[in-house]
Amino acid sequence: MQKNLFITLGLIVVTVTGALAKKEPAVPALSTQKQLALVRVNVTGQSYDYFRPWQKKAPFSKRALGAVLSKARVLVTADLVSNQNYVELERAESGEKTAAKVQVIDYEANLALLEPTEKTFLDGITPLEITPDTVVGDRLAAWQLEPTGALLATEGLVTTVQMMPYPIDVGQFLTYRISIPMQYRENSYTVPLVKNNKLAGLLLRYDSRSQLLDAIPAPIITHFLKEAESQNYRGFPSAGFSFFPTRDPELRQFAGEKGKSDGVYVTNVEPNTPAMKAGLEVGDIVTAVANHEIDQNGNYVDPLYGKIEFTNLLTAHAYSGDVVPFRIQRSGKPMELKVTLEHRDAKDYVSPPYNLDQPPAYYVLGGLIFQEAPQRLVYLDHFQSELFPEGNRRVVILSQVLPANSTIGYDDLSYLTVTKVNGKEIKSLGDLAEAVKQPINGFIKIETEEDPKQIELDAAQVAAEAPNLQENYGISSLHRLD
C-alpha cells in the first residue's frame, strides 16, 4: 500500500461519546499537585456554514480540561478552540474564572496554547513537567475532574507506539495506543495522560467499545512547544514524496538496487516540495534518513521504541529549516541528498485539508454558488502533480443551485468542476469573478468537467434579479474572494 509522506498533522475531533466503561478505582498516591495542574476551559463560538457560506452556523459551547504548563500557559487540543469567539479558564478548586486568548494553535497537530488575560490567574499552581520516555508496557493515567472538582484518574496500559494517520490524513505521526476503560465526563473534550506526575500525552480519540485510546504523545507536544517559542510559528515539517516498501524482489530488481536489500521505493515526488528541490526522483530507493538505516518496510531502529516508521525522524525529531541527509540508490548507484525540510501550508494544497477560523470564499451568480473545492475532494489533492503540474491553482466547483428565475432547469446540479467561464480557463475564484464580467453575446457561458458540460445565463437577467436573490436568501454579499 502506497504511503504519503507529507509530514503534517491533522485536525482531530476528540469528542467522547456513549456510555463508557464502569468506574475504575482511582490511582493511589495521587498528589494534590496533580489536581491543581488542571483548569477547566469553557469555549463558545460559531463555525462557518459551508452550505450557506455567507453566514455562520448556530453558536456552540464546549467544556474541557487544560493542562497547566510553565510560563503561565495552558495546553489544550486545537479542536477545542477552533472557530472560537470567547475562551474562559476556570480554576477547579475555587471556580474562579478569567478570559483567555489563544497564544499559538496548530490544527494539523491538534494542539493549542492558551494564556489567561489576567496574568496572575494561574499563580499557586505547580505546572506539569513533560515526560518523553513512554514505551510499550508503561501505565498512564487519564485525568478527569468530577463536577465537585475532585480528581478522577483512570489507569491504562500502553500497548503500541507507532506512526498513525491523524484525521486530516495528510501524514502519519507518532501515536500512543492505550487500553483503558475511560469514563465519560462533561469535561472530557481534552484529557491529559500522565506518568509519574508528568504529562505524557493528550487524548486524540477514544473508542468506548474497544476501550482503546489514541494519544498525541509527549514528543509531538514537545516539538509544538519548542516551535511555539519562536516569533513565527512554522508548524511541523514535510518532505513531499510518497513511497512503497521494497519487500518484492522484482521491484528491487526493476529499480536496479545493488548490495543490501533495504530501503523504500519512491513512487511520487510533488512539485515545489523539499524532496523535489533536493533532487529526489521517482524510482529512487531511500536507504537511510538522518543517518538511520531504513529496512524494506520503511522502519528504522529507534533507541526508545525499537522498529518504527522512518517518518518519525521527519516529524518528532526534525524542524522546518533543518537539513536532513537522505542516502539513496538511483539505478544501483549510491548517492546522498540534502533535504531542507519545510512546512506545507494548507493554502499550498489544490484542495486545502482544512479551513478554520476564517470565512469560506464563494461567488453567487444568478443562484449558482461557486466555491473552491473542499477537503473531501481528496483525489484532486493526492494526484495534483499529475492533474495540475504547473501548481498554484485551486479547483473551482459549482457547489449548489438556489432556485431562481435564472436557474430554472439547473436546480439539481451540484459539485461540478468548473473549467472555463466565457472561454477563459478558471484556476481560482478570482479568475471566475473576472471572467463573468465579459459576457459573450449577452450570455455568461460556464463550462464544466461533468454533465451538462455547459450552462448559460442571461447576463442582464442575472444583474436585474441580484437584489431579490439577496433579499430572498439573506445573502449579505454576493461574493467573498479573500
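Every residue gets a number counted from 1 within its own chain, in the order that chain's sequence is written. The predicted origin of the model limits local features to residues at a pLDDT of at least 70 and limits the giving and counting of side-chain atom pairs to 80 or more, whereas totals for whole chains, interfaces and linings rest on all residues. The basis for the side-chain values is all heavy atoms of the structure; hydrogens and waters are excluded.

**Here we look at the confidence of the model for the protein chain**
pLDDT runs from 0 to 100 and stands for how confident the predictor is about each residue. Overall, the prediction assigns the protein chain a mean pLDDT of 87, with 87% of residues at 70 or greater. Here residues 4–35 is a poorly scored stretch, pLDDT under 50, and it has 122 contacts once near neighbours within four places are set aside; other chains count. Pairs of residues are marked as contacts when any of their non-hydrogen atoms sit within 4.5 Å. The low-confidence segment residues 378–389 (pLDDT under 50) makes 24 contacts with residues lying over four places distant or belonging to another chain.

**A short note on helix H3 (residues 218–228)**
Most of H3 sits out of view: 9 of its 11 residues are buried. Classification of residues uses two cut-offs on accessible area relative to the type maximum, computed with a 1.4 Å probe and protein chains only: under 20% is buried, over 50% is exposed, and between them is partly exposed. Strands here mean DSSP runs of E at least two residues long; helices mean DSSP runs of H or I at least four residues long; both are numbered from the N terminus. Of the residues making up H3, those classed as buried are Ala218, Pro219, Ile220, Ile221, His223, Phe224, Leu225, Glu227 and Ala228.

**Considering helix H9 (residues 459–473)**
Its 15 residues give H9 an end-to-end C-alpha distance of 20 Å, which sits within 8% of 21 Å, the value for a rise of 1.5 Å per residue. Of all the bends found along H9, the most pronounced is centred on Ala466 and spans about 45°, while Pro467, a proline, follows it within four residues. What H9 keeps buried is the set Ala459, Val462, Glu465, Ala466 and Leu469. Of the surrounding elements, those touching the buried residues of H9 are strand S22 (362–365), strand S27 (443–448) and strand S28 (454–458). A helix is expected to reach a length of 1.5 Å times the quantity of its residues less one. What is called the bend at a residue is the angle between a pair of axes, fitted to the seven residues leading up to and ending at it and to the seven starting from it.

**What to know about the pairing of strand S6 (residues 97–106)**
Regular strands place side chains that alternate from one sheet face to the opposite one. The pairing of strand S5 (residues 84–91) with S6 spans 4 bridges and is classified as antiparallel. Residue pairing for S6: Glu88 is matched across the bridge by Ala99. We call two strands paired when DSSP finds no fewer than two bridges between them. Linking S5 back to S6 in an antiparallel pair, the connection comprises 5 residues, with Gly95 at a positive phi of about 80°. Looking at chain direction, S6 and strand S7 (residues 111–116) are connected through 6 bridges and run antiparallel. Along S7, the bridge assignment pairs Ala100 with Pro116. Two successive antiparallel strands, S6 and S7, enclose a turn made up of 4 residues, where Asn110 displays a positive phi of approximately 55°.

**What about the environment of Thr448?**
The residue Thr448 is located in strand S27 in this model. Judged by relative accessible area, Thr448 falls into the buried class, the value being 5%. Taking the C-alpha atoms as reference, Thr448 lies 4.4 Å from Val418; in sequence the two are 30 residues apart. Ignoring sequence-local partners within four residues, the contact set of Thr448 consists of Leu416, Thr417, Val418, Thr419, Lys453 and Gln454. For the purposes of these results, a polar contact is taken to be a pair of N or O atoms within 3.5 Å, where, inside protein, one atom must be able to donate a hydrogen and its partner to accept one; residues adjacent in sequence count only when each atom of the pair is a side-chain atom. Engagement of the side chain of Thr448 in a polar contact is seen with the backbone oxygen of Glu450, the distance being 2.7 Å.

**What about unusual backbone geometry?**
Omega for the peptide link from Asp451 to Pro452 comes to 15°, which places this bond in the cis form. By the secondary structure assignment, Pro452 is in the loop between S27 and S28. Despite not being glycine, Asn422 has its phi angle at roughly 50°, a positive value. Phi angles above zero are rare outside glycine, and Asn441 is one such case at about 55°. As for its position among the elements, Asn441 is in the loop between helix H8 (429–435) and S27.

**Some remarks on the side chain of Asp262**
One can find Asp262 in the loop between helix H4 (249–254) and strand S15 (264–269). The residues touching Asp262, leaving out its near neighbours within four places in the chain, are Thr246, Glu257, Ile285, Thr287, Ile294, Asp295 and Gln296.

**Notes on the pattern of salt bridges**
Note on definitions: salt bridges are taken to be side-chain nitrogens of Lys or Arg within 4 Å of carboxyl oxygens of Asp or Glu. Applying the stated criterion across every chain, the model contains 24 salt bridges. Lys260 is the salt-bridge partner of Asp262, the closest N and O atoms lying 3.6 Å from each other. According to the relative accessible area criterion, Asp262 is buried, its value standing at 17%. The closest approach of N and O atoms between Glu434 and Lys437, which form a salt bridge, is 3.1 Å.

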